[in-house]
Amino acid sequence: VFDRQELAAWHGRVSEYVEVDQFDISCELKIDGLAIAIHYQNGVLVQAATRGDGIRGEDVTANIRTIKSIPLRLTGDDVPPTLEVRGEVFFPISAFEQFNAQRVEQGLQTYVNPRNSASGSLRQLDSAETAARPLDAFIYSMSGPASDMLQTQSGVLSALKHWGFKTNPWSRVASNLDGVGEAFSAASADRPELDYGIDGVVIKVDDLALQARLGTV
């Protein structure tokens, strides 16, 4: 949505469908990077893939293993036996500028922007090339039996952090549309200081049971 009127219309449709007038709303930054899905078995990273067409993506397991912020083994004694998480891989702006400066010194062609560079880096055939590029990642959701034990999206973020994932420290839970507006204003004010690109704020019904009732489009 692009204005308060469209946001209010969305809120109204959700309220009518779930027959609840008031519900908490999770507000998170929309990272301008590359969407990734990572599968863990008994707390160990076993596979990672890009989003692709939504059904089939590219296997980038070897390259994902080189990103220091993505754990190869999860921590905690409550790690679920099977876990799939979703997140966003990005090239920090400061690191991207330094990386391009080094390429200039080497007489190599520079990259146009951090997002394209992150995407190209993750698709390198040689994982050593990926390892040489300081990629980072934020994890923001999970699926499978583990998510069934949690009640809210804000709780999902807490669980992910507890298991060793890097989550974005910028997040808000709003109780109404005024709170969402305040979160959006805060994101706009914070944007120039962030070391990564964003292209909006993602808002989600915080209650996972209500999310499940809403389904997907």
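Conventions used here
Residues numbered from 1 in each chain as written. Predicted model: local features only at pLDDT ≥ 70, side-chain atom pairs only at ≥ 80, totals over all residues. Heavy atoms only, no water. Buried < 20%, exposed > 50% of the residue type's maximum accessible area, 1.4 Å probe, protein only. Helix = DSSP H or I, 4+ residues; strand = E, 2+ residues; numbered from the N terminus. Arc of directions from axis to C-beta. Axes fitted to C-alpha atoms, helices over the stretch in contact; angles between N-to-C directions. Parallel < 35°, antiparallel > 145°, perpendicular 65-115°, else oblique. Left-handed = near helix turned anticlockwise from the far one by under 90°. Contact = heavy atoms within 4.5 Å. Nonpolar A, V, L, I, M, F, W, Y, C, P; charged D, E, K, R; others polar. Phe/Tyr/Trp six-rings, centres within 6.5 Å; stacked < 30°, edge-to-face > 60°. Lys NZ or Arg CZ within 6 Å of the ring centre and 35° of its normal. Pairing = 2+ DSSP bridges.

**Overview of helix α7 (residues 153–162)**
When α7 is considered as a whole, its buried residues turn out to be Q153, V156, L157, A159 and L160. Along the long axis of α7, the arc covered by the buried residues comes to 165°, so they all point the same way.

**Focus: the packing of helix α1 (residues 4–18) against helix α8 (residues 177–190)**
Closest axis-to-axis distance for the α1/α8 pair is 11 Å, and the angle between their directions is 135°. One way to sum up the angle between α1 and α8 is to call them oblique. In this structure, α1 crosses over α8, and the sense of that crossing is right-handed. Side by side, α1 and α8 meet where R4, L7, A8 and H11 of the first sit next to L177, D178 and V180 of the second. Partitioned by chemical class, the residues of the contact of α1 with α8 number 4 nonpolar, 1 polar and 2 charged.

**Focus on the packing of aromatic side chains**
With the rule as written, the count across this model stands at 8 aromatic pairs. Between F91 and F96, the ring centres sit 5.8 Å apart and the planes meet at 80°, which makes this aromatic pair edge-to-face. Across the pair, F96 and F91 agree in class, each one buried. Above the face of the W170 ring, R172 is positioned so that its terminal group lies 4.1 Å from the ring centre.

**Examining the pairing of strand β5 (residues 136–143)**
Along β5, 6 of the 8 residues are buried, which leaves the element largely enclosed by surrounding structure. One ladder, built from 7 bridges, connects strand β4 (residues 82–90) with β5; its direction is antiparallel. Bridge assignment links R86 to a residue of β5, and that residue is S141.

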